[in-house]
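Spelled out from the first residue to the last, the chains are:
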Amino acid sequence: MRGSRVIAALQRAWQRFSRLFLNSLSLRTVALSVGLTGVAIILVGGYLSLSIGSDLFTTRKDQVLADSARATVAAQAALDSADVQDEQDLNPLILALRTAVNSASISRMASVQRLPGQPPALQAPPDFYDEALAGGVVSDNLVRLVAQGEDPQYWQSVTLTGADGQPHPGIIVGTRLEFPLAGSYGLFLGYDLSETEQTLGSVQRTLALGGASLVLLVALVAWIVVRFVVRPLTIAADTSKRIAAGEGDVRMPKQRDEVFDTLAGSFNEMADSLQNRIRELAELSLVQQRFVSDVSHELRTPLTTIRLAGDVLYRSREGFDPTSARTAELLHTQIGRFEELLTDLLEISRYDAGSVTLEREPTNLVRLAEEEVQSMRALAERSGSEIVVHAEGGYFAADVDPRRVRRILGNLLGNAIEHGEGKPIVVTVDSNELAVAISVRDYGMGMNESDTARVFDRFWRADPSRRRTIGGTGLGLAISLEDALAHEGALEVWSAPGRGSCFRLTLPRNAGEPYESSPLPLPPLDAGASEPQGVAG
Amino acid sequence: MSSRILVVDDDQALSEMLGIVLQSEGFLPSFCPDGSQAVDAFRSEAPDLVLLDLMLPGVDGIEICRRIRQFSGTPIIMLTARSDTSDVVAGLEVGADDYVVKPFDPKELVARIRTRLRPPTPESGERVQIGDLVLDVAAHEVRRGSQRINLTPLEFSLLLTLASRPNQVFTREMLLEKVWGYQYKSDTRLVNVHVQRLRAKIEADPDNPSIVTTVRGVGYRAGDGAGVGVA
């Protein structure tokens, strides 16, 4: 269990690292520099270490061979000068031999053994060993080579057990001695190489330390260089980010680099032209807004006069001849229509100009819905529809612009009455933690999918040939949608032919606090029904 | 006696048409096409009500309204081309009683005028007490002790409506209906702005009102639930 967790953690760490690696030019450059330098240092360091090691060994070996040769000469001289009469005199000879070797050689590890391949001699002095060379340290192969005696010296690398009981590297050099009466003996001298090894170790440590420092230095240099080279890029990225965030006045500074300064120059030019363009557009938008506002005023004053005049004519139409009376009637209704259209057009152009501000106040949407339904009731009754309000939630003060919500609801109710075919209309209000919703459900003719998708389009009518009873400008739902969006809410529609339609308005309870889901379902729960069933919800 | 109405509008055709409509409703209209002469015209005509266009050459409607309010509480109805710009709120804040948006329905305009000219009808008694204020309904006067507080007829009507049913919470829509005569259309800014103006005149500390208090999410009521009575 723990193992798999560790593996998983390692995998995550690796993934994080590789992601970082793949996404950072600086990291890649530094890693590459360090890697290549590391390889070079390992190669050079390895070669240096090997060659120094071999030099040290050769030097030491030469010393050792010279020492051994000296000792052999001294030993042979001691043997030759001895007065050996018979085999009885051989034993003291060994002692003399040892003395000679000890005084001539630095080695304190010696062994003297009778070489094989000679006839046995009973009185021959026995082999002797210093403790360090006891127990087969001198290999049979070396002994055999000395016995063959083609060269004066033979040597062999061995592991010696030092005085401290630890294994030490060493060399054993074998030479040949001629004993009077007793035949050929081998003189084997052991030399401890641990000092040489220590020297080598210290050299290697120095090399390794130097290499590691060099790698670190290279990493540091690479990092600094990369930072230096990448800095203009960072500045470029930073500058464009700030411009994107709306700081239009930010420009790239010169970096005294031909390539970068060209980039900076064209970037700054682009930023300048962008800023000018934005300024132009802002001015244009201001002009547009002022124009709309002026048109509004200029059109409305004469329209007011026309309307008052039309109304005077309309009220006195009973005294007119039939043609003039009808003319006065037409004038009256068309002035009304013109006025509505003007109002809606100005409203939508205000949205287009982005000059709409909400006037939020704490509003009880249940009461608002009931009041709006009440004011539409007469109209609904004329087309035979009954309006039912179900308020399951929403009995609190939501922070909305009541005039706009009322307008949305008025539009939705007007539509429902218009298309409801005299069947009941159900208005539902509900809320959740963050949102409040109102839905208006009719059970009329409904719309197919492509019509439903266009229902919020300006001046769009589901069926242009249909006679309109309530009027409306064709902008009502477009404005309602804008009203909902201005609240950071939503106005959505579900519709099915023959089953009716359901419009759902969802608004956040408090300004600036987005909601997650609407309190009311869409399509409605009774989407399949063509009549309201009991208490719909 | 017919009510005299001063129409301040620079559009001659509209002024003339308004004159025709007002005359046919039994009012006596007079006209002033120039903003800079409006205050003088007001002084010389002494109208019962002013119809004031907001956009005028010379001095604009908001300034005229402010100047008239400095010495008179005569009802002022603004004629405005736009309904949701700052103009409306600015006009209300300097003391205009009501506004109609061009192009308006003449019936609507006449209804607005009649509401403003009609004296408020008290629901109870001749004197109403609210907090430390006494309202003399017949004299249209409000006193704190011996000190008389100048209210416009609209402000008086608003205060009387609230005070005659102490502690009842009035929604903004109810106030719009009772004080402004609106049946359906409602712009609650009318109520909000005039409650602010009223508080500035009658409250000891307008930022911390005790006579006209806000019931959050519902509306307003007179008194904070204590020390309120009808004399």
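Residues numbered from 1 in each chain as written. Chains lettered and ligands numbered in written order. Predicted model: local features only at pLDDT ≥ 70, side-chain atom pairs only at ≥ 80, totals over all residues.

Draft legend 1. Broad picture of the overall build of chain A. Summing up its helical and strand segments, chain A has eleven helices and twelve strands in all. Put simply, chain A has 537 residues, and 26% of those count as buried. Partitioning the contacts of chain A with sequence separation of at least 6, the portion at a separation of at least 24 is 68%. (Helix = DSSP H or I, 4+ residues; strand = E, 2+ residues; numbered from the N terminus. Buried ≥ 20, exposed ≤ 12 C-beta atoms within 10 Å, placed from the backbone. Contact = placed C-beta atoms within 7 Å.)

Draft legend 2. Just helix α11 (residues 476–486) of chain A, in detail. Residue and element names in this part refer to chain A. In terms of burial, α11 is a largely internal element, nine of the eleven residues being buried. Buried residues in α11 make contact with α7 (322–352), α9 (402–419), β11 (490–496) and β12 (500–508). The positive-phi residue at the C-terminal boundary of α11 is E488, with phi of around 60 degrees.

Draft legend 3. Here's a closer look at the nonpolar core. Residue and element names in this part refer to chain B. Counting residues in each nonpolar core, the largest one holds 66 residues, and the members touching the most others are V8, V50, L51, L52 and L159. Considering every element that reaches this core, the biggest residue donor is helix α6 (residues 153–163), with seven residues. For this core, the two domains that each supply at least three residues are domain 1 (4–117) and domain 2 (127–222). Excluding its chain neighbours within four sequence positions, the residues that come into contact with L51 are I5, V7, V8, L18, I77 and L79. (Core = buried A, V, L, I, M, F, W, Y, C linked by C-beta atoms within 7 Å. Domains from an automatic or database assignment.)

Draft legend 4. A look at the pairing of strand β9 (residues 425–431) of chain A. All names here are of chain A. Taking burial as the measure, the seven residues of β9 include seven buried ones, the bulk of the element. Strand direction decides the pairing type here: strand β7 (residues 387–391) and β9, joined by five bridges, are parallel. The partner of H390 across the bridge, within β9, is T428. (Pairing = 2+ DSSP bridges.)

Draft legend 5. Focus on the interface of chain B and chain A. The partner chain A presents 23 residues to the 21 residues of chain B that form the contact. Broken down by element, the residue count for the side of chain B that touches chain A peaks at six residues, all from helix α1 (residues 12–24) of chain B. Taken together, the residues of the side of chain B that touches chain A sort by class into twelve nonpolar, two polar and seven charged. (Nonpolar A, V, L, I, M, F, W, Y, C, P; charged D, E, K, R; others polar.)

Draft legend 6. Summary view of the sheet that holds strand β3 (residues 154–161) of chain A. Residues and elements named next belong to chain A. Read across the open sheet, the five strands follow the order β2-β1-β5-β4-β3; overall the sheet is antiparallel. Of all the strands in the sheet, the pair left with one neighbour each is β2 (128–129) and β3. Bridging between strand β1 (residues 109–114) and β2 involves two bridges; their strand directions are antiparallel. Paired with V112 across the bridge in β2 is F128.

Draft legend 7. Representation of the packing of α9 of chain A against α11 of chain A in the model. Residue and element names in this part refer to chain A. Relative orientation of the contacting elements α9 and α11 amounts to 145 degrees, with a least axis distance of 9 Å. Considering how the two elements wind past one another, α9 and α11 form a crossing that is left-handed. When α9 is examined against α11, the residues R404, R407, I408, N411, L412 and G414 are found in contact with a partner set consisting of G476, L477, S480, D483 and A484. The residue inventory of the contact of α9 with α11, partitioned by class, reads four nonpolar, four polar and three charged. (Axes fitted to C-alpha atoms, helices over the stretch in contact; angles between N-to-C directions. Left-handed = near helix turned anticlockwise from the far one by under 90°.)

Draft legend 8. The arrangement of unusual backbone geometry in detail. Geometrically, the link from L522 of chain A to P523 of chain A is a cis peptide bond, its omega value of 0 degrees lying close to zero. Note that P523 of chain A resides in the segment after β12. Cis geometry marks the peptide bond from K102 of chain B to P103 of chain B, where omega comes out at -5 degrees. Structurally, P103 of chain B is set in the loop between β5 (98–101) and α5 (106–117). Phi at F459 of chain A is positive, roughly 55 degrees, even though this residue is not glycine. Note on placement: F459 of chain A falls in the loop between α10 (449–453) and α11. Classification of F459 of chain A as exposed rests on a count of 10 C-beta atoms within 10 Å. With phi around 75 degrees, N167 of chain B is a residue other than glycine that occupies positive phi space.

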